[in-house]
Amino acid sequence: MGAELLKVSGLVKHYPVGGGSFRKPRGVVQAVDGVDLTVMEGETFGLVGESGCGKTTLGRCILRLEEPTAGEVIFKGQDVLRLKRKALQDLRRHIQIVFQDPYSSMNPRKTIKSIIAEAFSIHHLFTSEERKRRLEELMTVVGLLPDHLSRYPHEFSGGQRQRICLARALALNPDLIIADEPVSALDVSIKSQIINLLIQLQRRFNLTYMFISHDLSVVRHICDRVAVMYLGRIVELARASSLFARPRHPYTEALMSAVPVPNPEKRRHRIILHGDPPSPLHPPSGCTFHPRCRHAMPKCGEEKPLFQQIEGGTWVACHLYGNPSRE
Amino acid sequence: MNHGPDDILLEVRDLHTSFKTDEGLILAVAGVDFVMRHGETLGLVGESGSGKTVAALSIMRLIPEPPGRIFKGRILFEGRDLLRLSEREMRKVRGNRISMIFQEPMTCLNPVVRVGDQIGEAVRLHQGLSATEARSVAVQMLRKVGIPDPDRRAKEFPHQLSGGMRQRVMIGMALACHPRLIIADEPTTALDVTIQAQILELMNDLKEDFQTAVLLITHDLGVIAETAQWVAVMYAGRIVEYADVKTLFSVPSHPYTIGLLESMPSLDGEIPEDRTLRTIPGMVPSLLDLKAGCTFQDRCPTAFDRCRQEEPPLFQTHHGCLSRCWLHGR
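Residues numbered from 1 in each chain as written. Chains lettered and ligands numbered in written order. Predicted model: local features only at pLDDT ≥ 70, side-chain atom pairs only at ≥ 80, totals over all residues.

> Give a description of the sheet that holds strand E7 (residues 176-180) of chain A that names residues and reports values.
Two strands in a sheet stick together by hydrogen bonds in their backbones, pointing the same way (parallel) or opposite ways (antiparallel). Residue and element names in this part refer to chain A. The strand order across the open sheet formed by 8 strands is E6-E7-E8-E3-E9-E10-E12-E11, and the pairing between neighbours is mixed. This sheet does not close on itself; its edge strands, each paired only once, are strand E6 (95-98) and strand E11 (307-311). Within the sheet, the average angular offset between the axes of one strand and its neighbour, ignoring direction, is 20°. Relative to strand E10 (residues 233-239), strand E9 (residues 225-230) runs antiparallel, the two sharing 6 bridges. From the neighbouring strand, Met229 faces E10, where its bridge partner is Ile234. (Pairing = 2+ DSSP bridges. Helix = DSSP H or I, 4+ residues; strand = E, 2+ residues; numbered from the N terminus. Axes fitted to C-alpha atoms, helices over the stretch in contact; angles between N-to-C directions.)

Here's what the structure looks like:
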């Protein structure tokens, strides 16, 4: 694993809700509430959590598809949040994003060729001869045929469309690909094909992935390190192997035990979390997980736990792991 | 499929459902047979387009006609062939003897009717209860499905509830008339895993309480393993494997089932050095131009000549289960 590629510190994204143009907002949704993480070159960094935990918003903030409220994003030494329009556009050559639903992320009236080549025009790259060669190469790389370039998105299956989205993401030779639930909409037999393709592409082009997903088995399979998010914060961050072997945060533990296992003879001990995740509009005091936590202590409702390293590479925000804490 | 004749609740025989499309006629369900006993859960697994939902909607006679048509087969439920009932008689079965739970509760609940009234509607309709009686049944049902403060919640509208709670309401509604069979079509697919765990636990508990049989349609083999006793695997409109849940997961027979199980990343399995997953090559064939022979032939690692000529029937395997594969036709 190489050097530090991306560093996010104290990232906050708040959305005001309610209120009209002249009224005051009724409240603030704390979608991302102080996230720190570092992504190393060449690794696959997993971001897991349930809907509404802020994982997608975090990904979008890194690309500045959303403007963060506060914090710092450093990509290859550049302060992303201070970039002006032109420089930002340049940055986006190096960071690409792939979405869950490949169909809604492609213009249905354009051919695959113009969908992928759009990136070249935006960045004024290559002559038309080079573009053609590059397009054909990209199609082959993701396992499609160069002939497919003249077709339209609806002519492809879900798996093929996701291949096209990957070709588009690769068009500009990015360093980092933020993949937001890239295989979640796919059928089981197609999912494994796309996962393998992601792994191949990473090796071939020395890519770094930020892999956002709610599917823990997929994350365990392809990620090197994983951050678990709950209500806008990272509650645990560790190497995938140690996170799955020994989850430390009670939320991680519950999340893992909730995954149905395709083995009827194995009845695992399941921790059923009661209630629903609280609204990010009114997060609970102290540790935001405490109302659903089976280990909750009085302290948990009062003080925010500190995100601290408890072992080499394992970070947890939980009072069970003691030590100083402060608001 | 050797059940005693007495406790059979539902028997589907040779079901064929087709759809007219602009490109031609599609056989979405092409000869499906299965049997369900009282109180048991049958999992119907398959990928999108495999015909699992169409099979379920056919049982409920909810196939829009045209373009759809159930053109062959029998659906024997409690001794009667549902396909021969008049629409009026069928309406007495739906929501009463058989009810259904869908994937997205928000699109199934009426957004402008209080949830309590929606649950009450079924019992008023089928059991002739008064409005007041229906309301108290509704509150009882909400309590049974684990909704806190059911009196207050009964007066709320669907948008005031979370996704998990809405699915609880759907389950309450489905159970309100004590049906003998519940058809649950991807009931937890739209939910987060922790909420899914709650709902699956609830469904398992209620199944015990109400002694209801469940036809569980899902693409998630994990969900099947944790809830079903019997499993039917569907591919391109056909059942390709039918087995009890333990056999299916320990010694799967059909190459498609084997491929599916091998290609799934797991939470505890070994991860190979190069991280490559096993895959099933290719994709599901278009139902518009199926070749002669087995529907899985192009993706099958063990396909031989016969597979390309004749479609295999369901064969009994040595584990006592059924597999639609010539490998077992000895």
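Right, picking up where we left off after that structure.
> With reference to specific residues and values, describe the packing of helix H4 (residues 115-127) of chain B against helix H7 (residues 163-175) of chain B.
All names here are of chain B. Contact geometry for H4 and H7: axes closest at 8 Å, N-to-C directions at 25°. Classed by the angle they form, the pair H4 and H7 counts as roughly parallel. In this structure, the crossing between H4 and H7 has a hand that is right-handed. Taking contact as the criterion, the partners of Val115, Gln118, Ile119 and Ala122 in H4 are, on H7, Val169, Gly172 and Met173. Grouping the constituent residues of the contact of H4 with H7 by class yields 5 nonpolar, 2 polar and no charged. (Parallel < 35°, antiparallel > 145°, perpendicular 65-115°, else oblique. Left-handed = near helix turned anticlockwise from the far one by under 90°. Contact = placed C-beta atoms within 7 Å. Nonpolar A, V, L, I, M, F, W, Y, C, P; charged D, E, K, R; others polar.)

> Break down the sheet that holds strand E2 (residues 27-40) of chain A for me, with residues and values.
Residues and elements named next belong to chain A. One open sheet holds the 4 strands; their spatial order is E2-E1-E4-E5, and the pairing between them is antiparallel. Where the open sheet ends on each side, the last strands, each with one partner, are E2 and strand E5 (78-79). The pairing of strand E1 (residues 4-17) with E2 spans 11 bridges and is antiparallel. Along E2, the bridge assignment pairs Glu4 with Met40. Sheet contacts for helix H1 (residues 55-62): E1, E2 and strand E4 (70-75); angle to E1, the most-contacted strand, approximately 115°.

> Please set out H1 of chain A residue by residue, giving values where relevant.
Residues and elements named next belong to chain A. Of all 8 residues in H1, 8 are buried; the element is thus mostly enclosed. Of the positions making up H1, those classed as buried are Lys55, Thr56, Thr57, Leu58, Gly59, Arg60, Cys61 and Ile62. Backbone geometry just downstream of H1 places Arg64 in the positive-phi region, at approximately 60°. (Buried ≥ 20, exposed ≤ 12 C-beta atoms within 10 Å, placed from the backbone.)

> Tell me about the domain arrangement of chain B, residues and numbers included.
Residues and elements named next belong to chain B. As assigned here, chain B comprises domain 1 (8-97 + 184-278 + 319-325) and domain 2 (106-178). Centre-to-centre separation of domain 1 and domain 2, based on C-alpha positions: 26 Å. Tallying the contact residues gives 12 residues for domain 1 and 12 residues for domain 2. Residues belonging to the side of domain 1 that touches domain 2 are distributed by class as follows: 9 nonpolar, 3 polar and no charged. (Domains from an automatic or database assignment.)

> I'd love a proper account of unusual backbone geometry, names of residues and values included.
Residue Pro66 of chain B is reached from Glu65 of chain B by a cis peptide bond, and omega for that bond is -10°. Cis geometry marks the peptide bond from Pro66 of chain B to Pro67 of chain B; its omega dihedral reads 5°. Residue placement: Pro67 of chain B occurs in the loop between helix H1 (52-59) and strand E4 (68-77). The phi dihedral of Asn206 of chain A falls on the positive side, at around 55°, and the residue is not glycine. Along the chain, the position of Asn206 of chain A falls in the loop between helix H6 (188-205) and strand E8 (208-213). Phi is positive for His178 of chain B, close to 50°, though the residue is something other than glycine. By secondary structure assignment, the location of His178 of chain B is in the loop between H7 and strand E7 (181-185). On the basis of neighbour counts, which here come to 14 C-beta atoms within 10 Å, the residue His178 of chain B falls in the partly exposed class.

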